[in-house]
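Close look at the chain arrangement
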Amino acid sequence: MDPELKGRLKVIEDKLEKNHQLLVRIRRVQKNAGLFRLFYWLVVIGIAFGSFYYLSPYLTQIKKLYSDASDTFNFSTPEVKSVKNLWNQLNGNGENKE
């Protein structure tokens, strides 16, 4: 084999090795990014469930307080079938003239 051809072959082998190293690095970065993304979403979902678990007793207390106040003060939400019906309910007229 002539020396010029050997030289060119050596250059190609060097470029091929550098290319392989770059591809291995790129693939490693992609794997790490995927693992980080998975970890990120696990943390986000964990925080959501954790905060719901932590806030659940407070939300239950607020719901019970509203329910007790509703029973005590006889709150009622009007049934809205029409604006006229709502107006009559808010004015205290039990009649539903439509």
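The following refers to the structure shown. (Residues numbered from 1 in each chain as written. Predicted model: local features only at pLDDT ≥ 70, side-chain atom pairs only at ≥ 80, totals over all residues. Heavy atoms only, no water.)

**Some details on the overall build of the chain**
Our working definition: A run of H or I in DSSP becomes a helix once it reaches four residues, and a run of E becomes a strand once it reaches two; helices and strands are each numbered from the N terminus. Any residue under 20% of the maximum accessible area for its type is buried, any over 50% is exposed, and the rest in between are partly exposed; the area is computed with a 1.4 Å probe on protein chains only. Each accessible area is a Shrake-Rupley result for a 1.4 Å probe, and residues are judged covered by the shown protein chains and nothing else.
Broken down by element type, the chain carries 2 helices and 0 strands. Every one of the 98 residues in the chain was classed for burial, and the buried ones make up 3%. When the accessible surface of the chain is totalled, it reaches about 9,600 Å², and 64% of it is carbon and sulfur.

**Comments concerning the pattern of salt bridges**
Keep this limit in mind: Note on definitions: salt bridges are taken to be side-chain nitrogens of Lys or Arg within 4 Å of carboxyl oxygens of Asp or Glu.
Enumeration over the complete set of coordinates arrives at 2 salt bridges. In this structure, K10 engages D14 in a salt bridge whose closest nitrogen and oxygen atoms are separated by 3.6 Å. On the criterion of helical spacing, the pair formed by K10 and D14 is a turn pair, its members being 4 residues apart in helix α1 (residues 3-73). The class for K10 is partly exposed, based on a relative accessible area of 47%.

**What about α1?**
Rules: Expected helix span is taken as 1.5 Å per residue step, with the number of steps being one fewer than the number of residues. Values of bend correspond, residue by residue, to the angle between axes fitted over the seven residues ending at that residue and the seven starting there.
Taking 1.5 Å of rise per residue, the 71 residues of α1 would be expected to cover 105 Å, and the 101 Å separating its terminal C-alpha atoms lies within 8% of that figure. At L55, α1 shows its largest bend, some 45°, and a proline, P57, comes one to four positions later.

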